[in-house]
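Chain by chain, the residues:
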Amino acid sequence: MKSEPDEVSIDDLAAAPQRAFPWTGVRNYQARNFMRDAMQPGDLAFFYHSGCATPGIAGICEICSDCYPDPTQFSATDKYHDPKSSLEQPRWWLRDVRFVRRTRLLGLGEMRRHPELAGMRVLARGNRLSITPVTEAEWQFITGQLLAPPDQE
């Protein structure tokens, strides 16, 4: 799950560990579908900082809600407003996330150096999706090899 750190960062989540943050602003149908259809409460996700000097995985968050309409689509003053959306037929959905842990910053360049991650969607050239699936093998490699606690490195 990508977020620009000046909008919502892993530090924002860490500052309120019991708080659920709504993942608003997804305005791509494919990313929306990944979040709406594939994610479930209790799933873990990589919290990825994008739009910054060094993009990469900055932490882990937990999906902590069912899917519900993103309220920003209905507000004419919000930058994520969608005039084609209505309360009766919302187009955009979200899930809440909560902080699990910070990680060391695992940058895009480092991830690209590992053949085990060659098929990872976030690494695809031109990928601009804010939400992409991660396979079980990719998750295990990243959490087991690249983000292992210091005493396991």
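Following the sequence through the fold, Gly59 ends up in strand 4 (residues 56–63). Excluding anything up to four places from it in sequence, Gly59 contacts Ile10, Ala45, Phe46, Phe47, Arg101, Arg102 and Thr103.

This part covers the packing of aromatic side chains. Throughout the structure, instances matching the rule amount to 3 aromatic pairs. Where Trp23 meets Phe47, the ring centres are 5.5 Å apart and the plane angle is 80°; that geometry is what we call edge-to-face. With Trp23 in the loop between strand 2 (21–22) and helix 2 (29–38) and Phe47 in strand 3 (residues 44–49), this pair connects stretches of sequence that are 24 residues apart. Taken as a pair, Trp23 and Phe47 share a single burial class, namely buried. With 4.1 Å between their ring centres and 25° between their planes, Phe46 and Trp139 make a pair best called stacked. Linking Phe46 in strand 3 with Trp139 in helix 4 (residues 136–146), this pair joins segments that are 93 residues apart in sequence. Seen from the ring of Phe21, Arg19 lies directly overhead, with NZ or CZ sitting 4.2 Å from the centre.

Let's shift gears to the sheet that holds strand 2. Strand order in the open sheet made by the 5 strands is 1-3-4-7-2, with mixed pairing throughout. Pairing within the sheet leaves two strands with one partner each, and these edge strands are strand 1 (2–3) and strand 2. Inspection of the sheet shows strand 4 paired to strand 7 (residues 96–107) by 7 bridges, in the antiparallel sense. Of the residues in strand 7, the one forming a bridge with Cys61 is Phe99. Packed on one face of the sheet, helix 4 meets strand 3, strand 4 and strand 7 and runs near 70° to strand 3.

Rules used throughout
Residues numbered from 1 in each chain as written. Predicted model: local features only at pLDDT ≥ 70, side-chain atom pairs only at ≥ 80, totals over all residues. Heavy atoms only, no water. Helix = DSSP H or I, 4+ residues; strand = E, 2+ residues; numbered from the N terminus. Contact = heavy atoms within 4.5 Å. Phe/Tyr/Trp six-rings, centres within 6.5 Å; stacked < 30°, edge-to-face > 60°. Buried < 20%, exposed > 50% of the residue type's maximum accessible area, 1.4 Å probe, protein only. Lys NZ or Arg CZ within 6 Å of the ring centre and 35° of its normal. Pairing = 2+ DSSP bridges. Axes fitted to C-alpha atoms, helices over the stretch in contact; angles between N-to-C directions.

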